[in-house]
Structure formats: structure tokens, C-alpha cells
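Examining the three-dimensional arrangement
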Amino acid sequence: MKINFNMNLINELTKADPKSLIERTLKLSEENGEVSEAVLSYGKVNGSQYKNKKIEDVEEECLDVIMVALSIISQINDNEVTEEKIKRIEELFETKLKKWEDKNCKGGK
């Protein structure tokens with residue numbers, strides 16, 4: 001299964017959003033914190049369960065992280081992530097997945 005993201009729309013939305021690269025990167029940290037909060041609540045961790053987060057909340061927060069990360073990629077490419085660039089990013093992503101697989105599924109360290 002493959003999930004596709006509309007980089008043309010990400011480019012346009014990033015261009016329209018006035019955040020600087022530093023502000024966008026801080027936004028990514030904020031979104032990561034929201035994932036942590038949702039996971040703690042979903043996992044009924046002591047002191048967090050009162051928020052009653054559900055699996056859908058965790059998924060939504062993870063997608064926010066992905067969107068902000070993609071907007072950073074767009075911004076560092078002047079909001080012009082071309083098909084060629086997307087192909088390179090996809091290849092890099094596949095390489096990273098393979099490295100993860102080799103490390104965790106084949107006894108590597």
C-alpha cells in the first residue's frame with residue numbers, strides 16, 4: 001500500500017503561509033508534542049487519560065506532523081517541488097525504509 005501526498009497543493013499552501021523556515025520548524029516540534037499528548041492519553045498513561053484521546057486523534061496528529069514536514073521540504077525548495085525532486089525524495093524515502101528494515105528485521109544494529 002502506498003500513500004500519495006499532493007505536493008502541488010503543499011507547495012501552494014506553503015507559499016501562502018507566511019511562516020519563516022524557523023517558525024515552520026518550531027511548528028513541527030509543536031505538532032510532535034501533540035502526537036505525544038495524544039499517545040499518552042490514548043494509552044491511558046497516568047495523568048493523561050482524562051483527555052480521552054482515541055486512535056483517530058493519534059492518527060490526526062501524526063498527519064499534522066507529516067504535513068508540516070512536507071511544507072518544510074517545499075519551503076527549502078522555494079515551493080517548487082518538481083516531479084524530478086519528488087522522485088528523488090521518494091527514492092530517499094525508500095532507502096531510509098530499507099535501512100530501517102535491515103536494522104530491525106534482519107538482526108542488524
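Residues numbered from 1 in each chain as written. Predicted model: local features only at pLDDT ≥ 70, side-chain atom pairs only at ≥ 80, totals over all residues. Heavy atoms only, no water.

Along the backbone of the chain there are four helices and zero strands. Beginning at the N terminus, the succession of helices and strands in the chain can be written as α-α-α-α. Expected size for 109 residues packed as a compact globule is a radius of gyration near 13 Å; at 17 Å, the chain overshoots this value by more than 25%. Taking all 109 residues of the chain together, the buried fraction comes to 22%. For the chain, the share of sequence-separated contacts (at least 6 apart) that also reach a separation of at least 24 residues comes to 61%. (Helix = DSSP H or I, 4+ residues; strand = E, 2+ residues; numbered from the N terminus. Rg over C-alpha atoms; globule rule 2.2 N^0.38 Å. Buried < 20%, exposed > 50% of the residue type's maximum accessible area, 1.4 Å probe, protein only. Contact = heavy atoms within 4.5 Å.)

Its identity is not glycine, yet Asn-52 carries a phi of approximately 50°, on the positive side. Of note, the phi angle at Asn-79 is positive, near 55°, even though the residue is not glycine. Along the chain, the position of Asn-79 falls in the loop between helix H3 (55-76) and helix H4 (83-105).

Contact geometry for helix H2 (residues 21-42) and H3: axes closest at 9 Å, N-to-C directions at 165°. Regarding the angle of H2 to H3, the classification is roughly antiparallel. Remark: the crossing between H2 and H3 carries left-handed chirality. Residues of the contact of H2 with H3, tallied by class, amount to 14 nonpolar, four polar and seven charged. (Axes fitted to C-alpha atoms, helices over the stretch in contact; angles between N-to-C directions. Parallel < 35°, antiparallel > 145°, perpendicular 65-115°, else oblique. Left-handed = near helix turned anticlockwise from the far one by under 90°. Nonpolar A, V, L, I, M, F, W, Y, C, P; charged D, E, K, R; others polar.)

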